There are 2 protein chains.
Amino acid sequence: MSEPRNIALLLSYDGTAYHGWQRQRDLPTVQQTLEDALQSILKHRVSVTGCGRTDAGVHAEYYVANFRTSARIPAERLPFALNSRLPSDVAVARAWETVKEFHATFSCVRKEYTYRILNSEIRDPLRRNHAWWYPQSLDLERMRAAARQFVGTHDFAAVRSTGTDIKSTVRTIFAFDIYEKGGIIEMVVAANGFLYNMVRAMVGTLVYVAIGKLEPPDVRKILETRRRSLAGPTVPPHGLYMSGVHYDI
Amino acid sequence: MSEPRNIALLLSYDGTAYHGWQRQRDLPTVQQTLEDALQSILKHRVSVTGCGRTDAGVHAEYYVANFRTSARIPAERLPFALNSRLPSDVAVARAWETVKEFHATFSCVRKEYTYRILNSEIRDPLRRNHAWWYPQSLDLERMRAAARQFVGTHDFAAVRSTGTDIKSTVRTIFAFDIYEKGGIIEMVVAANGFLYNMVRAMVGTLVYVAIGKLEPPDVRKILETRRRSLAGPTVPPHGLYMSGVHYDI
C-alpha cells in the first residue's frame, strides 16, 4: 500500500452556530462538520488538523487545515465536492496536495487575527454576529499607541486565559495595526503564535486605554507583572476572525 | 382628551428570521416585534404603519414607521427604551414627533432599495444571508446599460409579481446605479414607488443581460409588452435591502 497523500484545505466559516473549531461530543463544531463532509466523499474515516482552535462564535476568513487520505480524487476537485455537502456557513476555497511533513498547526510560522468593533451609538442588526458593538467613543490614536507596546517578543501571560498546558508564554507579535472603515474599527494582529484568549484580552486592554482606564505605557508594565487581573477584559468572541496563516513549507 | 401624538421611527433590521415586515398570524414579523416592544413601554395597544411591505428574508438599513399614542414619553427617549426590549436583529436609530398628517406609506415621495450580489467563484459563509451568491462572472457595463433603460416613467407590469390589487402599474424610476466594492456588486435603485417584487425582477433581468441571455435594448421592449415571462427571474430576497425613504413633510 502506498503512503497516504497529505491534502491541505483553505476554508472560511461563520462561527455563530458552532462551538468552535475543535470536535466535541454532541456539540456542533467546524472540525466535525468538515470531517463529516470529507468522509462522505472519501468513504473512509478522516481526521482533520486545523491551524488553530477557534472558540465558540469566532469566525474565520482564512483558515488552513490538512488531512491524509489514500483516495485518488484530484485535490482540485475537492472544493466543489465539499461545498455541495457543507452547510452554507462553511466553505472551502482551495485544496492542494502538500508535502508529507506539512502539519496545519505545527508548520505555521505566522498567524493573523482581525478583531472588529462597531463603534457607534446605535447597534447594527445586520452586523450583530460579526462585530462587537461598543457604543462609547474610542480614541484610535490612544489605541494605536498602546498596540505598539504589544509588538515584539514578550511574555504574554498577563493577556491570556489559563486552562491549556503550555511550555512557554513568550510569543512574538510582528504587527498590530488599527484601521477604521465605515464605523468599524478593525484591529489586525500578526504573531508567531497566540496564547488562549490572547487576542481578545489584548483588545480589551486597548479598549481600556481608549477610554482612559489605562495609559499606553501601562501595557508594557502589565506584561512585565504577568498578572491577568491588571489587563483589560476578554472581549466577546463574535468580533474575532482568523484572517491569515503562513507556512514556510 | 387631547389628540394623540404622531411619532415616527427610523429603524433597521436583519430580515433573516422574519416573515417580512407585515403582521401575520403565528409567524414572526418585524411589525409585530416592534408593536410588542412599543406596547410594553406605552401600556396600550399600538398599531405601527411601515413605509413598505418587505418580504421574508429582505433586510432594511433605513426604514421609517409611524404610530399614534397619547402617552407622554419624550420621543427622544424611545430609541433607548425600544432597543433594550427589541431582539438584536431590530434596532431603532431615531424617534421624533411629527405632524398629524404624516403616514409612513402614503407620505413617501421617494424610496430606495439596494440589491447586493456576491459575484465570486466561492460562496462566502460570512455573507450567506446578506448577499445573493452568483458565481458566474457578470459584465457590469452591460448591466449598467440595461439599468439605464429602466430609468424614467414606465409601465412596470413586466417586472412585478401579481397578487396585490393596485390601480396602476406605472412608476417613475429616478436612478438605477451599479457599483462594485470588495467582490460585491451593489445595485441602488430609487423610485416614487415599487410594485410587488419589482426590484428583484429588475435585478434578475439585469443578470440575464450581464450573461448575454438578453441585450440592453430588450429591457425597454419587454416593458412595452407588459409580459412578466419575457423578463428575467425574481432573484432571492436575502440580497435585498430597503436603504432609503424620503418624505416631503
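Let us look at the structure shown here.

Calculation rules
- Residues numbered from 1 in each chain as written.
- Chains lettered and ligands numbered in written order.
- Predicted model: local features only at pLDDT ≥ 70, side-chain atom pairs only at ≥ 80, totals over all residues.
- Heavy atoms only, no water.
- Helix = DSSP H or I, 4+ residues; strand = E, 2+ residues; numbered from the N terminus.
- Polar contact = N/O pair within 3.5 Å; in protein donor to acceptor, adjacent residues only side chain to side chain.
- Contact = heavy atoms within 4.5 Å.
- Least-squares fit on C-alpha atoms with pLDDT ≥ 70 in both.
- Buried area = accessible area lost by both parts, 1.4 Å probe.
- Salt bridge = Lys/Arg side-chain N within 4 Å of Asp/Glu carboxyl O.

### Some thoughts on the side chain of T172 of chain A
All names here are of chain A.
And then number 1: One can find T172 in strand β8 (residues 170-181).
And then number 2: A distance of 2.7 Å separates polar atoms of two side chains, one belonging to T172 and the other to T153.
And then number 3: Discounting chain neighbours no more than four positions away, the residues touching T172 are G152, T153, A190, A191 and N192.

### Comments concerning the relation of the copies chain B and chain A
And then number 1: After a rotation of 180° and a shift along the axis of 0.0 Å, chain B superposes on chain A with an RMSD of 0.0 Å. The transformation relating the two chain copies, once decomposed into turn and shift, fits a two-fold axis. Rotation axis and chain B: the residue whose C-alpha lies nearest the axis is R127 of chain B, separated from it by 5.1 Å.
And then number 2: Interface residue correspondence from chain B to chain A reaches 100%, placing this contact among same-surface, isologous pairings.

### Let's talk about the interface of chain B and chain A
By convention, interface size is frequently given as the accessible area that disappears when the constituent parts associate.
And then number 1: The interface of chain B with chain A comprises 22 residues on the first partner and 22 residues on the second.
And then number 2: Across the chain B to chain A interface the summed buried area is about 1700 Å²; carbon plus sulfur atoms make up 60%.
And then number 3: Considering only the surface of chain B that becomes buried against chain A, R123, L126 and R128 of chain B emerge as the three largest contributors, covering 40% of it.
And then number 4: Between the two partners, chain B and chain A, sit two salt bridges.
And then number 5: At the boundary of chain B with chain A, the tally comes to twelve residue pairs in polar contact (both at pLDDT 80 or more).
And then number 6: Those elements that place two or more of their residues in the side of chain B that touches chain A are β1 (5-13), β3 (59-69) and β4 (90-98) of chain B.
And then number 7: The greatest single-element share of the side of chain B that touches chain A, amounting to four residues, is contributed by β4 of chain B.

It is worth stressing that arrangement in space is one thing and function is another; only the former is reported here.
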